[in-house]
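Each chain, letter by letter, is given below.
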Amino acid sequence: MADKTSYKDIFFNPFSKDNPVIVQVLGICSALAVTAKMEPALVMGISVIAVLAFSNVIISLLRNTIPTNIRIIVQLVVVAALVIIVNQLLIAYAYDVSKQLSVFVSLIITNCILMGRLEAFAMGNKPWPAFLDGVGNGIGYAMVLLIVAFFRELLGSGTLFGFQVVPQCFYDAGYANNGLMILPPMALLVVACIIWVHRSINKDLQEK
Amino acid sequence: MKALKKLLDKARPAFEEGGKLHAFRSVYEGMDTFLFTPSETSASGVHIHDSMDSKRTMIIVICALLPCLLFGMYNTGYQHWLACGATEFPFWTLLLYGFLAVLPRIVVSYVVGLGIEFTVAQWRKEEIQEGFLVTGILIPMICPIETPLWMIAVATAISVIFVKEVFGGTGYNIFNVALVTRAVLFFSYPAKMSGDGVFVSLSPMLGIGGQAPDGFTGATPLGEVAASGATSHAELAQAITGINGEPISGWDMFLGLIPGSFGETSMICILLGGLLLLMAGIASWRIILSAFAGASLMAWIAHLTATPTYPASFLTVGEQLCLGGFAFAAVFMATDPVTACRTNVGKYIYGFLIGVVAILIRTYNNGYPEGAMLAVLLMNALAPLIDWCVVEANVRRRLKRAKA
């Protein structure tokens, strides 16, 4: 696989054409849960990039020694170990955000994007392309998360990264934050809109 | 009429392919077919045309809504006069006040909804559907009179785009568009959609009416019930007061002279409208009947097992049916032929569950004083499943008969 597609494609395809969230529709659960604000979405995105990149590298290194019938367990152990490290780092250095993210960092273990990349890519490729693939997919995921969080925080709380963006005079004139934006259903609608826009631009992705 | 027809026919070439105003072709078509029966006939095959087309259906529904609309105007004025402490209630002035209060809301809902509908129709090169005619008038009727106009605009846009147009327009929506508009409003701006400050219009309209005193509150009867903490029906009757502080009689509840969303308060007008819908054969009597049966049953059970934890459980069956938006939802929302069940058995189940769920939410969730909206939306989602089960059961029964 690695010799057919260039490193550039491996890294950049997940941004748009092979985006894990809006094209493969994986990892939706966490995309709904952590995108009410920009900050947790950013931290979550970085965490997934880190876990995905390193687990891809580790599995890729081990790929020839893992017996096929227990490969899922081995992958899980690797991912779980990395997730615990990330979680502990967050608790140590970004306690507030880790509180907000609560269980969703631990739940990176069950994120379909990870298992998907490990199974589909890392098991059959050398460490360097596997690393690029992990970072690329992680960024693809983080990008969507940040776009969703941008609209949800702006319209739902009137802030971005916690800073007041909508000026007070708007509120005085009768503007009100949209409470529905904070609730998960709206995240689904925002993701749907992104998919809508994305597929109208990339006509080859449209199902017949 | 002839002059109008001539004018339209003269304007036609400009809207045809290549004409100057081609971009507005769907608007022209819409106006033309709205005003006159089109002369075109189907070019191929045999088609049976019913005189009861969707345009006529929609217009009859509008007529059925008129009593509620007019009463809503009067009631808006009446509640406003009460809030200002008036003792005389000049009929026409009250009606004019209510008319002025609701007119901008109707205009906003039509302009936004029809604007989106026209744009989409033009974009997809389709004809304009009549579906929004009814939705547009329903939206102001199920919202509190003090809902800000821009909120109605935003919610209408969200609802028309995501509930109707993305599914393919009129006739393809899963959920009732007007109710989703209300749900969007309710969850987006809870402060403006519930509580005791939004159901009564407080300021003068074009110099008509007065200014209600500062800090005035006027909760709906169901809102008062949820907040009362009553421990018996007698206490509850004390808690349900009009906005002038006097207890509301059963007759007032039936007549609808109580605070509430604009068009939903009057049982008597709803029944009038329902009668028209039934006589015209538009609404399904199965749904209406079973909805009232379900609600009565649930209200009766709740009343039998009344507890102080849920004050609304002390309400009698009659009060449960008259108060809040249940009756309006059962007659005008549940019977929406697009989102309801199609099979007759399914209609019974669908209506019955709407009644049960509406009273269940209203009674056993003090956070939601009214559950009719959520009940209808929930059953909208389940309607295809009910239909599927009914059809499957029928198939199985006939298979068994064929084997025997």
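Residues numbered from 1 in each chain as written. Chains lettered and ligands numbered in written order. Predicted model: local features only at pLDDT ≥ 70, side-chain atom pairs only at ≥ 80, totals over all residues. Heavy atoms only, no water.

Participant: Just give me the short version of the packing of aromatic side chains, but keep the residues and values in it.
Facilitator: Enumeration according to the criterion identifies 23 aromatic pairs over all chains in this entry. Aromatic pair Tyr 175 of chain A and Trp 150 of chain B: ring centres 5.6 Å apart, planes at 15°, arrangement stacked. Residue Tyr 175 of chain A is located in the loop between α9 (168-172) and α10 (179-182), and its partner Trp 150 of chain B is located in helix α6 (residues 149-164); the two belong to separate chains. Tyr 175 of chain A gets classed as partly exposed once you look at its relative accessible area, which sits at 24%. Judged by centre distance (5.2 Å) and plane angle (90°), the rings of Phe 186 of chain B and Phe 187 of chain B are edge-to-face. Residue class for Phe 187 of chain B comes out partly exposed when judged on its relative accessible area of 25%. Each member of the aromatic cluster is reached from another via a ring pair, and the members are Phe 71, Tyr 74, Tyr 78, Phe 89, Phe 91 and Trp 92 of chain B. (Phe/Tyr/Trp six-rings, centres within 6.5 Å; stacked < 30°, edge-to-face > 60°. Helix = DSSP H or I, 4+ residues; strand = E, 2+ residues; numbered from the N terminus. Buried < 20%, exposed > 50% of the residue type's maximum accessible area, 1.4 Å probe, protein only.)

Participant: Any chance you could break down the nonpolar core for me, citing the residues and the numbers?
Facilitator: Counting residues in hydrophobic clusters, the biggest one holds 120 residues, and the most contacted among them are Leu 65, Phe 292, Phe 328, Phe 332, Met 333 and Tyr 350 of chain B. Of all the elements, helix α3 (residues 54-83) of chain B adds the most residues to this core, at 15 residues. Mapped onto the domain boundaries, this core takes at least three residues apiece from domain 1 (54-218 + 249-282) and domain 2 (284-394) of chain B. With sequence-adjacent residues up to four places away left out, Leu 65 of chain B is seen in contact with Val 134, Ile 137, Leu 138, Met 141, Phe 328 and Phe 332 of chain B. In terms of nonpolar packing, the next biggest core, distinct from the first, is built from 42 residues, Val 21, Ile 28, Ile 113 and Tyr 141 of chain A among them. (Core = buried A, V, L, I, M, F, W, Y, C linked by side-chain atoms within 4.5 Å. Domains from an automatic or database assignment. Contact = heavy atoms within 4.5 Å.)

Participant: Talk me through empty space enclosed by the protein; I want residue IDs and the actual numbers.
Facilitator: All names here are of chain B. For the structure on display, the rule yields 3 cavities of 30 Å³ or more. In this model, the largest cavity occupies a volume close to 80 Å³. Lining the largest cavity are 13 residues, and of these Glu 117, Glu 126, Gln 129, Glu 165 and Gly 169 sit closest to its centre. It is helix α4 (residues 91-123) that provides the largest number of residues to the lining of the largest cavity, a total of 3 residues. Of the residues belonging to the lining of the largest cavity, the class tally is 3 nonpolar, 4 polar and 6 charged. Taken as a whole, the second largest cavity spans an internal volume of roughly 70 Å³. Residues of the lining of the second largest cavity, tallied by class, amount to 5 nonpolar, 6 polar and no charged. (1 Å grid on protein atoms, 1.4 Å probe; cavity = no way out; pocket = protein on both sides within 12 Å on 5 of 7 lines; lining within 4 Å. Points joined across faces, edges and corners; volume = space filled by probe spheres on them. Nonpolar A, V, L, I, M, F, W, Y, C, P; charged D, E, K, R; others polar.)

Participant: Give me the interface of chain A and chain B: which residues, what numbers.
Facilitator: Interfaces are frequently sized by the accessible area removed from exposure as the parts join. With 12 residues of chain A in contact, the opposing surface of chain B contributes 10 residues. When the buried surface of chain A facing chain B is broken down by residue, Asn 178, Leu 180 and Trp 196 of chain A rank first, second and third, together holding 44% of it. At the junction of chain A with chain B, the criterion picks out 3 residue pairs in polar contact (both at pLDDT 80 or more). Going through the elements one at a time, α10 and α11 (184-201) of chain A are the ones with two or more residues in the side of chain A that touches chain B. (Buried area = accessible area lost by both parts, 1.4 Å probe. Polar contact = N/O pair within 3.5 Å; in protein donor to acceptor, adjacent residues only side chain to side chain.)

Participant: Can you explain unusual backbone geometry? Please cite residues and give values.
Facilitator: All names here are of chain A. The backbone of Val 25 shows a phi angle near 50°, a positive value even though the residue is not glycine. With respect to the helices, strands and loops of the structure, Val 25 is situated in the loop between α1 (7-12) and α2 (28-33). Even without being a glycine, Phe 161 presents a positive backbone phi close to 50°. Among the structural elements, Phe 161 can be located in the loop between β1 (159-160) and β2 (163-164).

Participant: Can you explain the domain arrangement of chain B? Please cite residues and give values.
Facilitator: Residues and elements named next belong to chain B. Domain assignment breaks chain B into domain 1 (54-218 + 249-282) and domain 2 (284-394). Just the C-alpha atoms count here: the centres of domain 1 and domain 2 sit 21 Å apart. With 32 residues of domain 1 at the contact, the number on the domain 2 side is 25 residues. For the pairing of domain 1 and domain 2, the buried interface totals around 2,400 Å² over both sides, and the portion due to carbon and sulfur atoms is 81%. Seen at the junction of domain 1 and domain 2, the total is 0 salt bridges. For the pair domain 1 and domain 2, the interface holds 2 residue pairs in polar contact (both at pLDDT 80 or more). Looking at the side of domain 1 that touches domain 2 element by element, the count peaks at 7 residues for helix α7 (residues 177-188). For the side of domain 1 that touches domain 2, a count of residues per class yields 23 nonpolar, 7 polar and 2 charged. (Salt bridge = Lys/Arg side-chain N within 4 Å of Asp/Glu carboxyl O.)

Participant: An account of the environment of Leu 70 of chain B is needed here, citing residue identities and associated values.
Facilitator: Residues and elements named next belong to chain B. Tracing the chain through its elements places Leu 70 in helix α3. Assessed through its relative accessible area of 45%, Leu 70 is described here as partly exposed. A sequence separation of 215 residues divides Leu 70 from Trp 285, and the C-alpha atoms of the two residues are 24 Å apart.

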